[in-house]
Amino acid sequence: ISSFLLKEDGSLDKLVQNLEIKTPQKGFAPHCVIPSPDNKYLFVADIGGGRICRVNFNEDDGTMIYDGDISSNNFNGPRHMIFGPEGKFLYLLNQMGGAVTVFKYESQDGHLQEIQHISCLAKNFQGNNHSAEIAIHPSGDFLYCTNRGPDNICLFKRDKGNGTLKIIETVS
C-alpha cells in the first residue's frame, strides 16, 4: 500500500512510502484500505491472504508500519469494510462467504474483537454468490450489503450500543 502527501487542492503530491506486506498464501491482494476513526491505524482487507492487516499510521508524516494480522475462521474473501458512525464497530463484508463479520474496535491498541458473523443471503438462496459492497445509512441505524449471485441488497438493523446486526430483509 502507498501513502502520499496531498496538495492544498486535495490532489496527490509526493510519494511518502510504499509498504509491502508479505503473506504466506496466494500473495498480498489488498482490496480495501480504511483508516480507523482516530486515524491511528489503517485496516487492509487482504482478499488474497484471507485476513485484515493492521498498519500503524502516522498522520503527521504519512509513514506506515505493518502491525500484524486479524484472522478468523469466518473470513471467506475479505472485501470491503466500514466503521459505524460511533467509531466503535467495524463491519467486514466477505465476498465469497456472503456474510458480514462484526468487530468491536479498541482504539488504544487497534485490536479488533470479533463479536458477530451473519449471513447476508436469504435463507433459501441456492447457488453462487459474490458479495460486493457494504454501506451504512447516515443515521447509523441500518447497514446494507449487495450480493451479485441473487442480485439483491440485504438490509440489516444495527444495534448502536453493541454493534450487532439483525437481518430485516433482502430486496431484488
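Right above here is the structure, for reference.
Residues numbered from 1 in each chain as written. Predicted model: local features only at pLDDT ≥ 70, side-chain atom pairs only at ≥ 80, totals over all residues. Heavy atoms only, no water.

Peer 1: Before we go on, may I ask you to explain the nonpolar core in this structure?
Peer 2: Across soluble globular proteins, you tend to see nonpolar side chains buried next to one another. Counting residues in hydrophobic clusters, the biggest one holds 15 residues, and the most contacted among them are F43, I52, M81, L90, F103 and L112. If you list the elements that add at least two residues to this core, you get β3 (30-35), β4 (41-46), β7 (78-83), β8 (89-94) and β9 (99-106). Per-element tally for this core: the top contributor is β4, with three residues. (Core = buried A, V, L, I, M, F, W, Y, C linked by side-chain atoms within 4.5 Å. Buried < 20%, exposed > 50% of the residue type's maximum accessible area, 1.4 Å probe, protein only. Helix = DSSP H or I, 4+ residues; strand = E, 2+ residues; numbered from the N terminus.)

Peer 1: What is the right way to look at the pairing of β4 in this model?
Peer 2: Looking down a regular strand, the side chains alternate between one sheet face and the other. When you tally the buried positions in β4, you get six out of six residues, the bulk of the element. Residues Y41, F43 and A45 line one face of β4 and the alternating positions L42, V44 and D46 line the opposite face, and both faces are buried. With five bridges connecting them, β3 and β4 associate as antiparallel partners. Counted as the bridge partner of V33 is V44 from β4. Connecting β3 to the next strand, β4, in antiparallel fashion are five residues, including N39 with a positive phi near 65°. (Pairing = 2+ DSSP bridges.)

Peer 1: Would you explain the sheet that holds strand β12 (residues 142-147) in this entry?
Peer 2: Strand pairing in a sheet takes place through backbone hydrogen bonds and is either antiparallel or parallel in direction. The strand order across the open sheet formed by four strands is β11-β12-β13-β14, and the pairing between neighbours is antiparallel. Every other strand in the sheet has two partners, leaving β11 (131-136) and β14 (165-171) as the edge strands with one partner each. Strand-to-strand twist in this sheet, taken as the mean axis angle between neighbours without regard to direction, amounts to 20°. Both β12 and strand β13 (residues 152-158) contribute to a ladder of six bridges, which runs antiparallel. Within the sheet, the bridge partner assigned to T146 lies in β13 and is I153. (Axes fitted to C-alpha atoms, helices over the stretch in contact; angles between N-to-C directions.)

Peer 1: Please explain a nonpolar patch on the surface as it appears in this structure.
Peer 2: A contiguous nonpolar patch, built from F4, L6, L12 and L15 and spanning about 400 Å² of accessible area, is present on the exposed surface. Mapped onto the nonpolar patch, the elements with two or more residues apiece are β1 (2-6) and β2 (12-18). (Patch = residues over 30% accessible without salt bridge, like charges linked within 9 Å, V, L, I, M, F, W, Y side chains within 5 Å. Areas by Shrake-Rupley, 256 points an atom, 1.4 Å probe, with all protein chains shown as cover. Salt bridge = Lys/Arg side-chain N within 4 Å of Asp/Glu carboxyl O.)

Peer 1: What am I meant to see in the pattern of salt bridges here?
Peer 2: Any two side chains of opposite charge can pair, given that their charged atoms come close. What the rule picks out here adds up to eight salt bridges. Across the salt bridge formed by K40 and D38, the nearest N and O atoms sit 4.0 Å from each other. Ionic pairing is found between K104 and E106, a salt bridge with its closest N-O pair at 3.8 Å. Relative accessible area serves as the criterion here: at 36%, K104 is assigned to the partly exposed category. Take E106: its relative accessible area is 19%, and that puts it in the buried class. If you follow the salt bridges from partner to partner, you end up with D46, R51 and D69 in one network.

Peer 1: So what exactly am I meant to see when it comes to the packing of aromatic side chains here?
Peer 2: Two numbers describe a pair of aromatic rings. These are the distance of the centres and the angle of the planes. A complete count under the given rule lists five aromatic pairs for this structure. When the centroid spacing of 6.0 Å and the interplanar angle of 90° are considered together, the rings of F43 and Y105 count as edge-to-face. Of this pair, F43 sits in strand β4 while Y105 sits in strand β9, placing them 62 residues apart in sequence. Residues F43 and Y105 agree in their burial class; the two are buried. On the basis of an interplanar angle of 75° and a centroid distance of 5.4 Å, the ring pair of F83 and Y105 is categorised as edge-to-face. (Phe/Tyr/Trp six-rings, centres within 6.5 Å; stacked < 30°, edge-to-face > 60°.)

Peer 1: Would you mind going over the sheet that holds strand β10 (residues 111-119) with me for this structure?
Peer 2: Pairing is antiparallel across the open sheet formed by four strands, whose spatial order is β7-β8-β9-β10. Lying at the two open borders of the sheet, with one neighbouring strand each, are β7 and β10. Along the sheet, successive strands turn relative to each other by an average axial angle of 25°, direction set aside. Pairing analysis gives five bridges linking β7 to β8, with the strands arranged antiparallel. Bridge pairing in β8 links F83 to L90.

Note that every value here comes from positions in space, so none of it alone points to a role or purpose.
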